[in-house]
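Fold and contact review
Residue strings, one per chain:
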Amino acid sequence: MTSTPGTSYTLIPNQKYRRSTRRSSQRCNPSDTHSQSLSTLGYFQTLPLEIFQMILNYLSGLLLKRCTLLLPTKERLKYIHKVLSGVSCFKLNGCPSPLHCLGLQCYGVFLQILTAGWDELECHRVFNFLWELSNLARKVQTVVSSKPGSAQKLELRIRLYCRSVLLNHWVHRSDSAFWLTRILKPWPMVNQARLLYIIFGPVSSLDGHVVWKKMIQGPTDEASLKGLAEAIKLLYDAEAREWTTDDVISLVDELSVVPREWLMENNARLLILSGNNICFTFMASKAVNGRVAELARLVVFLALVCEKDLYCMDWAVKMMQKVCNVFSTPGERNYFLQCLENAFAHLIMDMLQAVLSGDRDEEDSSFLNLFHLVNAQANFHKEFLCLSLVSPSSSTA
């Protein structure tokens, strides 16, 4: 390398000098041979593992990263694994009580510090190394191809490993999207939806196991859907370059039938939590594909969720008006509005029939649902009329 103006590099002379074997042999230190025979841990190798761990407690998390700086990525990972493999709680199946153990969380923090600043190719290698090391591919294949809930303990360990080690500790959303993509992309769409539910779906507060029937047995709360909604938004972000809009919408569609078709109210609540863009795109997809009756029923449940969860009803009306603009002709828009009114009427009759049947639980939920739906219809139409009268040009009728 030659120097350039403004630098202080030393010029390499053109003249070549003869290497003196005599001088080099005199500089040879017999102790070098002994040091090369030592392991990478050097003289610390002679210490008991417990003492070595106590010493590490006083050192930076960055020390190991800097000590292995000059090694190739694969060799760095092997060495780090060798150091950490003595702690069973860092393994997928290592801890007998994973719910109450901080091992995987510590591993995740360490991984975030280790890979901070690494380029995408190196992070690919890290993921592949962990994927093979933990035998995660075979374990995921087992849970996504089995009956939901038939391997509860394995589902729990996969959830904890993916979240605590690979997903939870990133500062930037682009990093989180990268690792979530690595987890999901190897699988077909139907398995992606199953895996997404395992990692982010609702779990039991008693044992941490995935609650598969939560979305199909009755209306659920925001807390049960928040993790799924955040994951969907993460994949929809522009920074998640490997996902197209169609990919994400198809994933949401597939998720709504895991393990069987969800109650429409829960589907509507997930769309609201996922944000305006995803909600509109999902609804527009149904409009474009001619699923008008299904779309109208979804709008009814969006209004019902707004009423129950105290969202502004004008949001549901504006979303409906925006979807109306997707239809290319006035006739299509009028047909959609007719389907919407029919959906309100049919759902009210269904709920009224449930009330009249006398099958009531302790909370009298059937009557309460009817009460919310009637209020939702009234408030929805009130907002629709207000918006139409204020700006007649925006009317869709």
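Right above here is the structure, for reference.
Since the model is a prediction, treat every value here as computed from it, not as a measurement.

1. A look at the overall build of the chain
The secondary structure content of the chain amounts to 20 helices and zero strands. The burial tally for the chain puts 42% of its 397 residues in the buried class. The contacts in the chain between residues at least 6 apart in sequence include a share of 68% that link residues at least 24 apart. For the chain, the accessible area works out to roughly 22,700 Å², and carbon and sulfur atoms hold 55% of it.

2. Looking at helix H15 (residues 264-274)
Counting buried residues in H15 gives 11 out of 11 residues, a clear majority hidden from the surface. By the burial criterion, the buried members of H15 are Met264, Glu265, Asn266, Asn267, Ala268, Arg269, Leu270, Leu271, Ile272, Leu273 and Ser274. Packed against the buried residues of H15 are helix H12 (214-217), helix H13 (222-236), helix H14 (245-255), helix H16 (276-288), helix H17 (292-308) and helix H18 (313-324). Two residues or fewer after H15 comes Gly275, characterised by a positive phi angle close to 105°.

3. Notes on empty space enclosed by the protein
Scanning the entire structure with this criterion turns up two cavities of 30 Å³ or more. As a volume, the largest cavity reaches approximately 70 Å³. Around the largest cavity, the lining residues are Leu77, Ile80, His81, Leu84, Tyr107, Phe110, Leu111, Leu114, Val126, Phe129 and Leu130. Elements that contribute at least two residues to the lining of the largest cavity include exactly helix H5 (73-84), helix H6 (103-115) and helix H7 (120-133). Considered as a void within the structure, the second largest cavity measures approximately 50 Å³ in volume. Surrounding the second largest cavity, Cys89, Lys91, Leu92, Gly94, Cys95, Pro98, Cys101, Gly103, Leu104 and Arg157 form its lining. In terms of residue class, the lining of the second largest cavity is built from six nonpolar, two polar and two charged.

4. A few points about the nonpolar core
Ranked by size, the top nonpolar core spans 117 residues in total, and within it Phe336 and Phe380 carry the most contacts. For this core, the element with the highest residue contribution is H17, accounting for 12 residues.

5. Thoughts on the environment of Met349
Examined against the element boundaries, Met349 turns out to sit in helix H19 (residues 330-356). On a C-alpha basis, the gap between Met349 and Leu370 in space is 9.1 Å, while along the polypeptide they are 21 residues apart.

6. Topic: the packing of aromatic side chains
By the definition in use, this model includes nine aromatic pairs. Taking 5.5 Å as the distance between ring centres and 10° as the angle between the ring planes, the aromatic pair formed by Trp170 and Trp179 counts as stacked. What makes Trp170 buried here is its relative accessible area of 13%. Ring centres of Tyr197 and Trp212 lie 4.9 Å apart, and the angle between their planes is 15°; this geometry places the pair in the stacked category. A residue pair is termed long-range when its members are at least 10 positions apart, and Tyr197 in helix H11 (residues 189-200) and Trp212 in the loop between H11 and H12 qualify at 15 residues. For the pair Tyr197 and Trp212, one class covers both residues: buried. Here the aromatic residues Phe127, Trp131, Trp170, Phe178, Trp179 and Trp187 are joined through ring pairs into a cluster of three or more. One residue, Lys185, lies across the ring of Trp243, its end atom 4.2 Å from the ring centre.

7. Some thoughts on H16
With 13 residues, H16 extends 18 Å between its outermost C-alpha atoms, agreeing within 8% with the 18 Å of an ideal straight helix rising 1.5 Å per residue. Of the residues making up H16, those classed as buried are Ile278, Cys279, Phe280, Thr281, Phe282, Met283, Ala284, Lys286 and Ala287. Buried residues along H16 sit in contact with H13, H14, H15, H17 and H18. Looking one or two residues past H16, Gly290 carries a phi angle of roughly 80°, positive in sign.

8. Quick look at the pattern of salt bridges
For the structure on display, the rule yields 12 salt bridges. Of the charged contacts in the structure, one is a salt bridge between Asp253 and Arg291, with a shortest N-O distance of 3.8 Å. Of this pair, Asp253 sits in helix H14 while Arg291 sits in the loop between H16 and H17, and the two are 38 residues apart along the sequence. A relative accessible area of 29% means that Asp253 is categorised as partly exposed. Taking the relative accessible area as the measure of exposure, Arg291 reaches 31% and is therefore partly exposed. Salt bridges sharing common partners tie together Asp253, Lys286, Arg291 and Glu294.

Each value, and the rule that gives it
Residues numbered from 1 in each chain as written. Predicted model: local features only at pLDDT ≥ 70, side-chain atom pairs only at ≥ 80, totals over all residues. Heavy atoms only, no water. Helix = DSSP H or I, 4+ residues; strand = E, 2+ residues; numbered from the N terminus. Buried < 20%, exposed > 50% of the residue type's maximum accessible area, 1.4 Å probe, protein only. Contact = heavy atoms within 4.5 Å. Areas by Shrake-Rupley, 256 points an atom, 1.4 Å probe, with all protein chains shown as cover. 1 Å grid on protein atoms, 1.4 Å probe; cavity = no way out; pocket = protein on both sides within 12 Å on 5 of 7 lines; lining within 4 Å. Points joined across faces, edges and corners; volume = space filled by probe spheres on them. Nonpolar A, V, L, I, M, F, W, Y, C, P; charged D, E, K, R; others polar. Core = buried A, V, L, I, M, F, W, Y, C linked by side-chain atoms within 4.5 Å. Phe/Tyr/Trp six-rings, centres within 6.5 Å; stacked < 30°, edge-to-face > 60°. Lys NZ or Arg CZ within 6 Å of the ring centre and 35° of its normal. Expected span 1.5 Å × (residues − 1). Salt bridge = Lys/Arg side-chain N within 4 Å of Asp/Glu carboxyl O.

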